[in-house]
Structure formats: C-alpha cells, structure tokens
Amino acid sequence: MSTADQFNVDVSTLNRFVMANTRDPDLVILMNAIATSCKLITSAVQRAGVGNLYGLAGEVNSTGDDQKKLDVMSNDMMINALVNSGVCCVLVSEENEEPIMVPKELSGKYCVAFDPLDGSSNIDCNVSVGTIFSVYEKREGSDGTVEDLLRSGAECLCAGYVAYSSACELVFTFKGKSVHGFCLDPTIGEFVHTRPNMMFPQDGGKKIYSCNEGNSNYWDKPIQDAVAAFNQGPKPYSARYVGSMVADIHRTLLYGGIYIYPADNKSPKGKLRCLYEGIPMAMIIEQAGGIASTGLFEGKIQRVLELTPDEIHCKCPIIMGGPRDIGVVYEQYKKAGIETPEL
Ligand code: P6P
C-alpha cells in the first residue's frame, strides 16, 4: 500500500459525527468546547514533568482534596471553554464548592457537570488521569439554575470521559444512542472517530475485578463474599485497580470484568460523586450494554441512573459490569435475604 493510500482523506471528526447524529448545532458547539478544553488539558498533562506542573496548588477543593496545580489549570480551561461557548447556562465542577452561573449574554440551554481532572492524586507518579462530564438540558421555562442539574440520571442528555494516557481518548454517548470513542490525532488537532458502537463484552469479558480492597473491612458481607468468590475457584479472577476512575472504567468497558466502589461503613454513600462520576459512567456502561448498579444503598438495590442527586457534590456507590459478574454480587445479596433486580 502506498503512503498516499494510507492517508485518510475522509476523516470522521468529532464535529462531523455530532452534527450527523444529532443535527443540533448547539450540541456540536458544546462538544467542541469540551474537546477544546480536553486538548488543552492533555497538552498540560503531557508537559507536567518539564513544565513544573507537578505538585500542589496550595488550596483544597469541594471534596476537601488538596488541589494539584493541574487540577486548577484543568478546571479553569473547562470553565473558560464552556462559559464562552455560548450554549451553557450553569456549570458544576468538582473543584468548585458552588455552581458557576454563566452570564446572561453568554447563556444557552445546556447544564454541564464535570470532574476536570479525575484521579489527579496520581498525576505526580504519571498514572493516567481523566475528565468526566454529564450534560442536561435546562427545563422548559428555566433560566438555568442548579435545579436543572439536580435531576434523575434518566434525564441526562449526554455523558462522556476523556482518558489522558498512551492516547488522549474521548468516549461519550447521547441519551438512547450508542457509545463511541474518538482519539486525538495531534498531527491535525482533531478527535478522530476510532471506536464506533462500543459494546461491553456480552460474555462478561476478561475475569477481572476492580476495587480498593483496602476498604474490605468496611464493606457489607455480600460485597465481601462476592470479592471472595471472584478470588476462588479453579481459575480465580485477576485484580486490577488503578485508583483513577476513568482508567478503571475504560478498561472495564473494553475488556469486561466488574468495577466495585460500594457504600460501606466508612462511606455510607460510597466515595464517588453522583453527578460527575456515577451518572455519566453509568450512562456509558448501560448504553454499551452493561449494568450500572448501586448495590445495596439506602435500603435497596437500584440502577445508578435511577438516582436523583440531592446536592451537586453528593456521592453514590457504583457497581458496574455485565450480568455474569453483577450476578455474583446479586447472588450474595439474595443469600442475605435482600431483594435484587432482575438481570
Ligand atoms: P480510593 C480519584 O480520587 C477518585 O475520585 C477516582 O478517580 C478513583 O476511582 C477513586 O477516587 C479512588 O478512590 O478510595 O480507592 O483511593
């Protein structure tokens, strides 16, 4: 094959994909603003070592975490891109205690919640990090308030994440549609469509379980028994846990297995944030054919997407995978007399 034959003259870029699949110019503008901020973020992340961008910024965020220099930069990049896109009215960021209200002259119909640099505690040792976002459309007659984001995951319009690793890869889905992956081609500065119609492995995929076993003493017994079950048998599962949610979920989506961050005695609502971690990842996994369960949470087991955040930084438990492995967890709950949803 000649070099000319190898050169794609019909590149499927993010803008082209969003317009072709939604015919909504405002959504094209929104996704473009998100993509632009993630190009800036990956540029900063790639230069962290030589650009003196490791280390702390000297502040703490809404979660009480020490903010890294890159946390602050990534947050500013996303806020600036989204506020000036002209299609957003209210923003929520893990890095900001309060919502960001877009000035009226720039206000539009979308409400975006995001974690600009998830997993940033790992950045100084070069473990991959990511951006996670969820998008709602403001309610009819609303001028855009935080109430437009405090709605069930079932009303989420778009969800996605960007993995900053060997590639800068954007994975997202629109409500009711399939999941798609786009890799940043640095030679043209565009996110190019590389993974059409991503599907969670229908047979459950690789036998991997992913959780922070350092918390196992706090887990309820069904979760302890399920993880014990993954460790037993003639061919026990492999344990893989990065501690960076985008990396762990991206691997689970592509390879299969199960990701577990349950509610426990230490964190009765779990650790992960509902609006900009739980709901977006649940929407992606479900629309790729997987399952996103809360596990036992506030007295019942339900889909993460059935949750309605009661405040912008509220937490939720998350158990994500396919029927094979979620079934192992549900089997333990059944033994404990707890009602479980049909798989
Ligand atoms: P733990 C990072 O702080 C984060 O929010 C996710 O990216 C990650 O999956 C999780 O927390 C790790 O939590 O308790 O295992 O350190």
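Look up a bit, the structure's there.
Residues numbered from 1 in each chain as written. Predicted model: local features only at pLDDT ≥ 70, side-chain atom pairs only at ≥ 80, totals over all residues. Heavy atoms only, no water.

A.B. asks: Before we move on, could you go through a negative patch on the surface and cite the residues and values that matter?
C.D. replies: A cluster of acidic side chains, namely Glu97, Glu98, Asp310 and Glu311, defines a negative patch on the protein surface. Its place among the elements puts Glu97 in the loop between strand S3 (88–93) and strand S4 (100–101). The class for Glu97 is partly exposed, based on a relative accessible area of 48%. (Patch = residues over 30% accessible without salt bridge, like charges linked within 9 Å, V, L, I, M, F, W, Y side chains within 5 Å. Areas by Shrake-Rupley, 256 points an atom, 1.4 Å probe, with all protein chains shown as cover. Salt bridge = Lys/Arg side-chain N within 4 Å of Asp/Glu carboxyl O. Lys, Arg positive; Asp, Glu negative; His and termini not counted. Charge placed at Lys NZ, Arg CZ, Asp CG, Glu CD. Helix = DSSP H or I, 4+ residues; strand = E, 2+ residues; numbered from the N terminus. Buried < 20%, exposed > 50% of the residue type's maximum accessible area, 1.4 Å probe, protein only.)

A.B. asks: Run through the pairing of strand S8 (residues 168–174), naming residues and quoting values.
C.D. replies: Judged by how many residues are buried, S8 sits mostly within the fold: 7 of 7 residues are covered. Bridging between strand S7 (residues 158–164) and S8 involves 7 bridges; their strand directions are antiparallel. If you follow Tyr161 over to S8, its bridge partner there is Val171. Counting the residues between successive antiparallel strands, the hairpin from S7 to S8 contains 3 residues. When S8 meets strand S9 (residues 179–185), the two strands line up antiparallel, connected through 5 bridges. Looking at S9, one finds that Thr173 is bridged to Val179. Counting the residues that bridge the hairpin from S8 to S9 gives 4 residues, and of these Gly176 lies at a positive phi of roughly 80 degrees. (Pairing = 2+ DSSP bridges.)

A.B. asks: Help me get a handle on the pattern of salt bridges, residues and values and all.
C.D. replies: As enumerated under the stated definition, the model contains 11 salt bridges in all. Across the pair Asp225 and Lys221 runs a salt bridge whose closest N-O atoms are separated by 2.5 Å. Of the two residues, Asp225 and Lys221 are both situated in helix H5 (residues 221–231); the distance of 4 residues between them amounts to about one turn of the helix. Across the pair Asp325 and Arg324 runs a salt bridge, and its minimum N-O distance is 2.7 Å.

A.B. asks: Outline the packing of aromatic side chains, listing residues and values.
C.D. replies: Counted under the stated rule, the structure contains 6 aromatic pairs. Geometrically, the ring pair formed by Phe17 and Phe182 is edge-to-face, given 5.2 Å between the ring centres and 70 degrees between the ring planes. Here Phe182 lies in strand S9 and Phe17 lies in helix H2 (residues 14–22), a separation of 165 residues in the sequence. Considered together, Phe17 and Phe182 belong to a single accessibility category, that of buried residues. Where Phe230 meets Tyr237, the ring centres are 4.7 Å apart and the plane angle is 40 degrees; that geometry is what we call tilted. Since its relative accessible area comes to 1%, Phe230 is described here as buried. Judged by relative accessible area, which is 13%, Tyr237 ranks as buried. Taken together, Phe17, Phe172, Phe174 and Phe182 form an aromatic cluster joined through their ring pairs. For Lys206, the ring lying beneath its charged end belongs to Tyr255, and the centroid distance is 5.6 Å. (Phe/Tyr/Trp six-rings, centres within 6.5 Å; stacked < 30°, edge-to-face > 60°. Lys NZ or Arg CZ within 6 Å of the ring centre and 35° of its normal.)

A.B. asks: Quick rundown of the sheet that holds strand S6 (residues 129–137)? Include the residues and the values.
C.D. replies: The strand order S4-S3-S5-S6-S7-S8-S9-S10 describes an open sheet built from 8 strands, whose pairing is mixed. If you trace the sheet from one side to the other, it starts and ends with S4 and strand S10 (190–198), each paired once. Sheet topology note: the S3/S4 ladder contains 2 bridges and is antiparallel. Residue pairing for S4: Val90 is matched across the bridge by Met101.

A.B. asks: Explain the site of the ligand to me, and be specific about the residues and the numbers.
C.D. replies: The environment of the ligand is formed by Asp118, Gly119, Asn212, Tyr241, Gly243, Ser244, Met245, Tyr259, Tyr261, Lys271, Leu272 and Glu277. Between the ligand and Asp118 there is a distance of 2.5 Å, counted from an oxygen atom to a side-chain nitrogen or oxygen. Within the contact set of the ligand, an oxygen atom lies 2.8 Å away from a backbone nitrogen or oxygen of Met245. Per-class residue counts for the shell around the ligand are 5 nonpolar, 4 polar and 3 charged. (Near = heavy atom within 4 Å. Polar contact = N/O pair within 3.5 Å; in protein donor to acceptor, adjacent residues only side chain to side chain. Nonpolar A, V, L, I, M, F, W, Y, C, P; charged D, E, K, R; others polar.)

A.B. asks: Mind laying out unusual backbone geometry, listing which residues take part and the relevant values?
C.D. replies: Note: most peptide bonds trans; most residues except glycine with negative phi. Residues other than glycine seldom take positive phi values, yet Asn52 does so here, at roughly 55 degrees. With respect to the helices and strands, Asn52 occurs in the loop between helix H3 (25–46) and strand S1 (56–60). The class for Asn52 is exposed, based on a relative accessible area of 57%. Phi at Asn197 is positive, roughly 50 degrees, even though this residue is not glycine. Topologically, Asn197 is positioned in strand S10. The exposure class assigned to Asn197 is partly exposed, which follows from its relative accessible area of 47%.

Remember, this is a structural readout, not a statement about activity or role.
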